[in-house]
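In case you want the letters, here they are:
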Amino acid sequence: MTPGVLYVVATPIGNLADASPRALETLRSVDLVACEDTRTTAKLLARHGITTRTIALHEHNERRAAAGLIDALRDGKNIALVSDAGTPALSDPGAWLVQEAHRAGIRVSPLPGPSAVAAAISAAGFSAPRFLFAGFLPATRAARRKALQALDLPWPVVFYEAPHRIADTLADLAERFGPARELAIGRELTKKFEEVARLPLGEAAGWLAARPEREQGEFVLVLAPGEEKAAHSVEPDAVLDILLEAMAPSEAAKLAARITGAPKNVLYRKALDRAK
């Protein structure tokens, strides 16, 4: 290994057999593994007889822990960054550490692999040249409904959702987009009780209620594309204003940029001005 490299390593989203040979070899060879939760990563390492030392790097300590990891990388240590499941920095911690590594002139090397977003899109079957990953919708119903106003797009939209909010989210999606709009539901992807269903939004609540165990586990939702709209109907400032009613300025600017293609830094400045 070249010394002083930060490896961003995708790990299984459920089935531990999905770990790639290259990912396992990297985890075995680095000096340190930075983990979202050391207990979760310990299960993967133990399965493959890997004894590399681990350190916690999660949303509550990332900025503090990153400083020490950057120092170790400068000293020539190799570090692997992993999250609990899937690809780090994609609705998971890690982006700050990667950013600081770039700023310090440290080489960053991605090891692609499992991603719940990619898995859900591949199993949904919606043909489109692009898709939008919207992450987690706001937790409160009022904020969630506001956010959905900006997401009627001519390409698939991917959401993550927690089990205790899935019923409410399905109801809000049906109300906003109508009972005929299709939705692909991925539940417990790659795990023992995996389910993938594609159905009209009007049938989604019934599907969920048909089996009590369905209100458990992790969900990835893929909303079918809406109708193509004229370019003027996707106005960056209008989208930003809607999202600011439901999200913090940084998140609203990021999502508005994804939706409209407008520069994120410009939208962020506008978001801060509106928040004053």
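Remember, predicted model here, so these are calculated numbers, not experimental data.

What follows is about the pattern of salt bridges. Where charged atoms from two side chains of opposite charge approach closely, those side chains can pair. Counted by the stated rule, this structure contains 21 salt bridges. Here Arg39 ties to Asp37 by a salt bridge, and the two come within 2.9 Å at their closest N and O atoms. Between Lys191 and Glu188 there is a salt bridge, with the nearest N and O atoms lying 3.5 Å from each other. Beyond isolated ion pairs, a larger network of salt bridges with shared partners links Arg141, Arg144, Arg145, Asp168, Asp172 and Glu175.

Turning to empty space enclosed by the protein, a few remarks are in order. For the structure shown, the criterion picks out one cavity of 30 Å³ or more. Its boundaries defined by the atoms lining it, the largest cavity holds a volume of some 40 Å³. Considering the residues around the largest cavity, the lining is formed by Ala120, Ala123, Ala124, Ala184, Ile185, Gly186, Leu189, Val196, Val220 and Val222. Mapped by element, the contributors of at least two residues to the lining of the largest cavity are helix 5 (116–124), strand 8 (182–187) and strand 10 (219–223). Residues that form the lining of the largest cavity fall into these classes: nine nonpolar, one polar and no charged.

Attention shifts here to the sheet that holds strand 4 (residues 79–82). Across the sheet, five strands lie side by side as 3-2-4-1-5; this open sheet has parallel pairing. Pairing within the sheet leaves two strands with one partner each, and these edge strands are strand 3 (54–56) and strand 5 (107–111). Taken over all neighbouring pairs, the strand axes of this sheet differ in orientation by 25 degrees on average, direction set aside. Alignment of strand 2 (residues 32–35) against strand 4, held across four bridges, turns out to be parallel. Bridge pairing links Cys35 to Val82 in strand 4. Lying on the sheet, helix 4 (residues 95–103) is in contact with strand 1 (5–9), strand 4 and strand 5; it crosses strand 1 at an angle near 150 degrees.

To continue, consider the sheet that holds strand 6 (residues 132–136). The five strands lie next to each other as 6-7-10-8-9, forming an open sheet whose pairing is mixed. With partners counted over all chains shown, the strands left at the sheet margins are strand 6 and strand 9 (195–200), one partner each. Direction aside, the axes of adjacent strands within the sheet are offset by 20 degrees on average. Pairing of strand 8 with strand 10 involves five bridges; the strand directions are antiparallel. Each residue of the ladder has a partner; that of Gly186, found in strand 10, is Val220. In this fold helix 5 packs onto strand 6, strand 7 (157–161), strand 8, strand 9 and strand 10, with an angle of close to 50 degrees to the strand it touches most, strand 10.

Another point: the packing of aromatic side chains. Inspection of every chain in the model, using the stated rule, returns two aromatic pairs. With centroids separated by 5.0 Å and ring planes inclined at 65 degrees, the aromatic side chains of Phe133 and Tyr160 adopt a geometry described as edge-to-face. One end of the pair, Phe133, is in strand 6; the other, Tyr160, is in strand 7, and 27 residues separate them in sequence. The exposure class of Phe133 is buried, given its relative accessible area of 10%. Taking the relative accessible area as the measure of exposure, Tyr160 reaches 11% and is therefore buried. Taken together, a centroid distance of 5.5 Å and an interplanar angle of 65 degrees make the contact between Phe136 and Tyr160 edge-to-face. Of this pair, Phe136 sits in strand 6 while Tyr160 sits in strand 7; the two residues are 24 residues apart in sequence, bridging distant segments of the chain. One aromatic cluster is present, built from ring pairs that chain together Phe133, Phe136 and Tyr160. Geometry around Trp155 places Arg130 over its ring, the cationic atom sitting 4.9 Å from the centre.

In this section: the packing of helix 7 (residues 166–177) against helix 8 (residues 201–209). At a minimum axis separation of 8 Å, helix 7 and helix 8 run at an interaxial angle of 165 degrees. Taken together, the axes of helix 7 and helix 8 are roughly antiparallel relative to one another. Classified by chirality, the crossing of helix 8 by helix 7 is left-handed. Facing Ile166, Ala167, Leu170, Leu173, Ala174 and Phe177 of helix 7, the residues of helix 8 in contact are Leu201, Ala204 and Leu208. Partitioning the contact of helix 7 with helix 8 into residue classes produces nine nonpolar, no polar and no charged.

On to the layout of surface pockets. Counted as a void, the largest pocket has a volume near 1,100 Å³. Around the largest pocket, the lining comprises 30 residues; the ones closest to its centre are Ala89, Ser91, Asp92, Glu251 and Lys254. Counting residues per element, the ones that place at least two in the lining of the largest pocket are helix 3 (62–74), helix 4, strand 6 and helix 10 (249–260). Taken together, the residues of the lining of the largest pocket sort by class into 15 nonpolar, six polar and nine charged. One number sums up the size of the second largest pocket: a volume of about 680 Å³. Lining the second largest pocket are 31 residues, and of these Ile13, Asp84, Ala85, Gly86 and Glu218 sit closest to its centre.

Basis of the calculations
Residues numbered from 1 in each chain as written. Predicted model: local features only at pLDDT ≥ 70, side-chain atom pairs only at ≥ 80, totals over all residues. Heavy atoms only, no water. Salt bridge = Lys/Arg side-chain N within 4 Å of Asp/Glu carboxyl O. 1 Å grid on protein atoms, 1.4 Å probe; cavity = no way out; pocket = protein on both sides within 12 Å on 5 of 7 lines; lining within 4 Å. Points joined across faces, edges and corners; volume = space filled by probe spheres on them. Helix = DSSP H or I, 4+ residues; strand = E, 2+ residues; numbered from the N terminus. Nonpolar A, V, L, I, M, F, W, Y, C, P; charged D, E, K, R; others polar. Pairing = 2+ DSSP bridges. Axes fitted to C-alpha atoms, helices over the stretch in contact; angles between N-to-C directions. Contact = heavy atoms within 4.5 Å. Phe/Tyr/Trp six-rings, centres within 6.5 Å; stacked < 30°, edge-to-face > 60°. Buried < 20%, exposed > 50% of the residue type's maximum accessible area, 1.4 Å probe, protein only. Lys NZ or Arg CZ within 6 Å of the ring centre and 35° of its normal. Parallel < 35°, antiparallel > 145°, perpendicular 65-115°, else oblique. Left-handed = near helix turned anticlockwise from the far one by under 90°.

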